[in-house]
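So you can see what is in the structure, the chains are spelled out below.
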Amino acid sequence: LWRDDDLYDLVGIVDYNLCPRIVGRGSAIFLHVAQDGYQPTAGCVALAAGDLRKVQFRLGPSPQLVVGQIFVRRSP
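Residues numbered from 1 in each chain as written. Predicted model: local features only at pLDDT ≥ 70, side-chain atom pairs only at ≥ 80, totals over all residues. Heavy atoms only, no water.

Visitor: Where do I start with the overall build of the protein chain in this structure?
Guide: Within the protein chain, the secondary structure is distributed over one helix and three strands. The helix and strand sequence of the protein chain, counted from the amino end, reads β-β-β-α. Here the protein chain holds 76 residues, and the buried ones make up 14% of them. (Helix = DSSP H or I, 4+ residues; strand = E, 2+ residues; numbered from the N terminus. Buried < 20%, exposed > 50% of the residue type's maximum accessible area, 1.4 Å probe, protein only.)

Structure representation (structure tokens):
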């Protein structure tokens, strides 16, 4: 996961579709540092470096991290 842009300097692997691996359900969801301006990822979860460090230190040896998405409907 070597990159020149520092996005993977701090990374976590989300236990998704690892065991058993199911074809067509995607793979490798990472928790990593966000790009400037929070540009979209390729299906990962990205946080500001400082926020990612806070999450890292709060996770224990058997962490359970729930990731959700908020949808905002805008009026026409």
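Here the narrative resumes.
Visitor: When you look at the environment of V33 in this model, what are you seeing that I'm missing?
Guide: Among the structural elements, V33 can be located in strand β2 (residues 29-33). In the structure, V33 is positioned 13 residues away from A46 in sequence and 5.2 Å away in space, judged by C-alpha atoms. Not counting chain neighbours up to four residues away, the residues in contact with V33 comprise D6, L7, L10, A46, L47, A49 and L52. (Contact = heavy atoms within 4.5 Å.)

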